[in-house]
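The residues making up each chain are set out below.
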Amino acid sequence: MGNESTNVVANESESGEELPDLRFHDTTPITKSNNKRVCAELSPIQEQQINELMGNEAWNTKIEDMIIKSVNNAVPKIIESVITQIQSTMIGTVKQVVGAMKEEIIEQVTQDIQSSELRTTLRARCEAELLENYNRRDNLKIFGLDEKTHVDDKGNARPESAETTMENVLQLAKTINADIDVKDISIAHRLPTKKGMTRPIIVKLARRVAKIDILKKKRVLKDSNSPIMVFEDITAPRAAFLSLMKSDTRVSGAYTREGTIFYTLHNDKNIYKINNLYDGGIMLNYHIKDVESCFRW
């Protein structure tokens, strides 16, 4: 009790005048029991100081500068971190894309090279085929004409001789009323075929008009339902290409004349012709491998 009277100054003086409310920290150690009392006594001062500081423009400017400085110091680090992450992600993505593009480009270049080589090879083969087909322009192939075997002196069956084959061809020409004779035929012989089947005949005519006359009059065979068929002698690739065209739903008709392929399209009255098979494939928009497959026959 005696200590409290010496540590706190009374609010009134000896003369009875009211003194200002002065509070100060006691220099004696503060025990745990009176901490709350001291804090309660100090809080008005702290609040007053904070209010004074908040109203101090210089202090506010200083705080703003400190905040701006802190932000300026932090932002570059944040930006650097974000950029690093973006770069890392982008580099990884770019590597994946470039890797995929690289494989795709290599594959495309390889295909282009192979396609170019195939086109060059195919073009050369088509040129050679065109020449071979031209050399056959005077030839005819006859299918279904029975062979006439003969028995030799020893009683053995012998295949049809070249002379007999020639006679068979002349007899066929007479049947369809074609105006030819033995002088119009340069060569006539049988071609190999599968065992048990009638061998076809290849005929090389000396006159182009004789060939044309036979082709014009061969319709008699079709009208009479004869098993005998007469065709122009064309190369195997050209025959395969003609077969490809006949399976094309756009093509309404296809045939050959003098080795040249003629064809028509549905809803189109024009007649188109093909000499070179390579050019024909381009005209009909066939895939290069489709044309190339015609040479595998």
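These numbers were taken from a predicted model, which means no experiment stands behind them. (Residues numbered from 1 in each chain as written. Predicted model: local features only at pLDDT ≥ 70, side-chain atom pairs only at ≥ 80, totals over all residues. Heavy atoms only, no water.)

**Quick notes on the sheet that holds strand E4 (residues 185–190)**
Now for step 1: Read across the sheet, four strands follow the order E4-E5-E1-E6 without closing on themselves; strand pairing throughout is antiparallel. With partners counted over all chains shown, the strands left at the sheet margins are E4 and strand E6 (229–232), one partner each. Neighbour-to-neighbour, the strand axes of this sheet turn through a mean angle of 20 degrees, independent of strand direction.
Now for step 2: Alignment of strand E1 (residues 139–143) against strand E5 (residues 201–205), held across four bridges, turns out to be antiparallel. Its bridge partner lying in E5, Asn139 is registered against Lys204.
Now for step 3: The strands touched by helix H4 (residues 162–175) are E1, E4, E5 and E6; relative to E4, the strand with the most contacts, the crossing angle is about 110 degrees. (Pairing = 2+ DSSP bridges. Helix = DSSP H or I, 4+ residues; strand = E, 2+ residues; numbered from the N terminus. Axes fitted to C-alpha atoms, helices over the stretch in contact; angles between N-to-C directions. Contact = heavy atoms within 4.5 Å.)

**A closer look at the layout of surface pockets**
Now for step 1: By volume, the largest pocket is sized at about 1000 Å³.
Now for step 2: Looking at the largest pocket, it is lined by 28 residues, and the ones nearest its centre are Lys218, Val230, Phe231, Glu232 and Thr256.
Now for step 3: Mapped onto the lining of the largest pocket, the elements with two or more residues apiece are E1, helix H5 (208–217), helix H6 (219–223), E6, helix H7 (236–246) and strand E7 (251–257).
Now for step 4: It is H7 that contributes the most residues to the lining of the largest pocket, five residues altogether.
Now for step 5: Classifying every residue of the lining of the largest pocket gives 15 nonpolar, four polar and nine charged. (1 Å grid on protein atoms, 1.4 Å probe; cavity = no way out; pocket = protein on both sides within 12 Å on 5 of 7 lines; lining within 4 Å. Points joined across faces, edges and corners; volume = space filled by probe spheres on them. Nonpolar A, V, L, I, M, F, W, Y, C, P; charged D, E, K, R; others polar.)

**Concerning the pairing of E5**
Now for step 1: Judged by how many residues are buried, E5 sits mostly within the fold: four of five residues are covered.
Now for step 2: Inspection of the sheet shows E4 paired to E5 by five bridges, in the antiparallel sense. In the sheet register, Ile187 faces E5, and the bridge partner there is Lys204. (Buried < 20%, exposed > 50% of the residue type's maximum accessible area, 1.4 Å probe, protein only.)

**Focus on the nonpolar core**
Now for step 1: Ranked by size, the top nonpolar core spans 20 residues in total, and within it Ile142, Val169, Ile185, Val203, Leu205, Ile214 and Val230 carry the most contacts.
Now for step 2: Of all the secondary structure elements, the ones that give two or more residues to this core are E1, H4, E4, E5 and H5.
Now for step 3: Top element by residues in this core is H4. It accounts for four residues.
Now for step 4: Setting aside its immediate chain neighbours within four residues, Ile142 contacts Val169, Leu172, Pro200, Ile201, Val203, Ile228, Met229 and Val230.
Now for step 5: Core analysis: the second largest hydrophobic core is formed by 19 residues, Ala240, Met245, Val251 and Cys294 among them. (Core = buried A, V, L, I, M, F, W, Y, C linked by side-chain atoms within 4.5 Å.)

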